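Residues per chain, in single letters:
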Amino acid sequence: MKTFFDELGIQYEEHEDGLLYPILKLPQEEEPRYSKYGQLRLQFLLEHKVELLNDLIVHGKLNAHLNQVEDSCKELYDVLFERMKQYFDTSEELKAKDCMRWFHTVYNIHAHVDEFVIKELVYE
């Protein structure tokens, strides 16, 4: 006998209680390779964008999304960090002449660029 589930292409199994339970499988996901920015994005989705998070999970695209956010953040970070290092003249000459000034400048650049990247790409 053909059932409604058969017409939809959904497989099911009968349990001890006599009821039919559909066999549900999520689509195959991409391997996760994200780190800091991907984890921050995941936390943001959990707290503020639950509908988007559920949609990504159901369609098997969560890891792909988090990997893409991670890649975009790293790429933007690298570009901005290098440009700001040039703008604030953090050359090897400065490093040799005034190591502490060089360190504080590079650290401040890192902090500002990191904050900007997180604000623009992770929390959008």
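Before reading on, note that the structure itself is shown above.
The notes below deal with the structure included here. (Residues numbered from 1 in each chain as written. Predicted model: local features only at pLDDT ≥ 70, side-chain atom pairs only at ≥ 80, totals over all residues. Heavy atoms only, no water.)

### Regarding the packing of aromatic side chains
Now for step 1: For the structure on display, the rule yields 4 aromatic pairs.
Now for step 2: Where tyrosine 77 meets phenylalanine 81, the ring centres are 5.5 Å apart and the plane angle is 10 degrees; that geometry is what we call stacked. You can see tyrosine 77 and its partner phenylalanine 81 sitting in helix H4 (residues 62-87), 4 residues apart, about one turn around the helix.
Now for step 3: The exposure class assigned to phenylalanine 81 is buried, which follows from its relative accessible area of 14%.
Now for step 4: Ring geometry for phenylalanine 103 versus tyrosine 107: centroids 6.2 Å apart, planes at 20 degrees, classification stacked. Taken together, the positions of phenylalanine 103 and tyrosine 107, both in helix H6 (residues 99-122) and 4 residues apart, correspond to about one turn of that helix.
Now for step 5: Over the ring of tryptophan 102 we find lysine 95, and its NZ or CZ is 4.6 Å from the ring centre. (Phe/Tyr/Trp six-rings, centres within 6.5 Å; stacked < 30°, edge-to-face > 60°. Helix = DSSP H or I, 4+ residues; strand = E, 2+ residues; numbered from the N terminus. Buried < 20%, exposed > 50% of the residue type's maximum accessible area, 1.4 Å probe, protein only. Lys NZ or Arg CZ within 6 Å of the ring centre and 35° of its normal.)

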